[in-house]
Structures are given as structure tokens and as C-alpha cells.
Amino acid sequence: MTTKKDEKQDGQSIDELFNTAQPKVKVDPNTGLIEQVFEDDEVNLNKQIWEKNPRRSQAMADLWYDELQKAVEEETQDEEGKRHLAFLMSVNSVMDMIMGCVPDDIALEISYALDHTIALALVNKKYDCDLLEEEKKAVSIVKREDYDTDDDYARAIEAIDDHWWTISQPQLDMRNANDAILEMLAKYKLNE
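I will try to describe carefully the structure that is included in this document. Computed from a prediction, not measured in an experiment: that's the story for all the values here.

Glancing now at a nonpolar patch on the surface. On the surface, a cluster of nonpolar side chains totalling about 280 Å² of accessible area is made up of Leu45, Ile49 and Trp50. Tracing the backbone through its elements, the reader meets leucine 45 in helix H2 (residues 42-51). The class of leucine 45 is partly exposed, set by a relative accessible area of 48%.

Written out as C-alpha cells, the structure is:
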């Protein structure tokens, strides 16, 4: 599976990027204390969130692949069923790890955001559209120069944005985006 970050960046392949990556953990040579190093510039944020995913994937493969493969081989399903099961087990393990590595209140927020992101992606797939791109086009009609203050401008953008999600959309066979997403959440019982 490839992601938008699998491409070459700054003339370096992913393997070259891995070899030049700086560690995020610092060990004090005198005391042996381990310190997490946080870098706050945008390039490092992008690197931490997106560019490390191929390495994370390999680390998780080392963590789970053998056990997962053994569990799948014990199944009596056909090969397609086994591949499907392997995918489901892998994704479930990743989600368990993500939800387990943050406090419960943050995990709860992540779970709701993930549910809605999945439902949005499924709606986009079903209707062969990009709702976020369509929403962006709708909001782009609001121009700063048409408003006296930044607050008025921000309120106008918010009003257009809120309205867009509730009106019939041609690309959704005249359904509104909110309803389409809610229906997808219900289909997969993500709204319970």
C-alpha cells in the first residue's frame, strides 16, 4: 500500500530518508537518563506525522506479522477470506495501539474523528466525489474584501460552511452531505 508520502522528497528516496533521520530520543551520556526530544518546526511535524509511517509499518510488521500469519493460516476460509481476515486483524491492531497510547479523553475524541473520517471517505468512494474539495469551492466565494472586519469575514465563512453541509448536493444524488455521512455511520454501526 502506498501513501502520499511514499514519493521521493528533496531528491531522496524513502530509504535515504530513513538513513538520514535524526533520533527523537536523547540519552544523557553522564546520567543515562532518556529524554524525548520535540522539534516544533513544520518540516519536523510533517516528518513525525507522515514520513515515519513506512517505518512504523515495518516495526508493526515485526511486532505482529508472525502471530497474525499463524492465526490466519489456522482459519478454514478460502484464500480471499484469509487475506480479508489478515487485513481486518492488522487494522484492528493498529487502532487498538493508537487508542491505547493516549489518555481516554483524547482516545474518545480520536475515535469520533476517525469514525467521521471513515464515513466521509466511504461517501466519497460511493459517489465518486471529494466532499471536502466541493466544500472548499463553496467557501471560496466568500471574499475578505466584502467584509468590514475579520470577525464578520470569519462569521460569513462559518455560515456558508455550515449551510453547505445541509443542502442538497448534485454529486450525492441530491442528498445533503451531513445525511450521507450519518447514513454511512449507521450502515457500519459507527453511530451507536
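Attention now goes to the packing of helix H4 (residues 79-100) against helix H5 (residues 104-127). Axis separation between H4 and H5 bottoms out at 9 Å; the angle between their running directions is 140 degrees. One finds that H4 runs oblique with respect to H5. Contact residues: H4 offers Met95, Ile98 and Met99, while H5 offers Ala107, Ile110, Ser111 and Leu114. Classifying every residue of the contact of H4 with H5 by side-chain character gives six nonpolar, one polar and no charged.

Turning our eyes to something else, we now look at unusual backbone geometry. A positive phi angle, close to 55 degrees, is found at aspartate 173, a residue other than glycine. Of note, aspartate 173 is situated in the loop between strand S3 (168-169) and strand S4 (175-176). Even without glycine at this site, methionine 174 takes up a positive phi of about 70 degrees. With respect to the helices and strands, methionine 174 occurs in the loop between S3 and S4.

What follows is about the nonpolar core. Val123, Leu131, Trp164, Trp165, Leu172, Ala177 and Ile181 are the most contacted members of the largest nonpolar core, which totals 15 residues. Elements with a contribution of two residues or more to this core: H5, helix H6 (131-139) and helix H8 (177-187). Sorting elements by how many residues they give to this core places H8 first, with five residues. Residues within four places of leucine 172 in sequence aside, it is in contact with Val123, Tyr127, Cys129, Leu131, Ala177 and Ala180.

For H8, the complete set of buried residues consists of Ala177, Ala180, Ile181, Met184 and Leu185. Considered in projection along H8, the buried side chains sweep an arc of 140 degrees and stay on one side of the axis. N-capping of H8 is provided by asparagine 176, with a side-chain oxygen placed 3.1 Å from the backbone N of asparagine 178. Looking at the residues trailing H8, positive phi occurs at lysine 189, about 55 degrees.

Rules used in this analysis
Residues numbered from 1 in each chain as written. Predicted model: local features only at pLDDT ≥ 70, side-chain atom pairs only at ≥ 80, totals over all residues. Heavy atoms only, no water. Patch = residues over 30% accessible without salt bridge, like charges linked within 9 Å, V, L, I, M, F, W, Y side chains within 5 Å. Areas by Shrake-Rupley, 256 points an atom, 1.4 Å probe, with all protein chains shown as cover. Salt bridge = Lys/Arg side-chain N within 4 Å of Asp/Glu carboxyl O. Helix = DSSP H or I, 4+ residues; strand = E, 2+ residues; numbered from the N terminus. Buried < 20%, exposed > 50% of the residue type's maximum accessible area, 1.4 Å probe, protein only. Axes fitted to C-alpha atoms, helices over the stretch in contact; angles between N-to-C directions. Parallel < 35°, antiparallel > 145°, perpendicular 65-115°, else oblique. Contact = heavy atoms within 4.5 Å. Nonpolar A, V, L, I, M, F, W, Y, C, P; charged D, E, K, R; others polar. Core = buried A, V, L, I, M, F, W, Y, C linked by side-chain atoms within 4.5 Å. Arc of directions from axis to C-beta. Polar contact = N/O pair within 3.5 Å; in protein donor to acceptor, adjacent residues only side chain to side chain.

Limitation: the analysis is restricted to geometry and does not speak to function.
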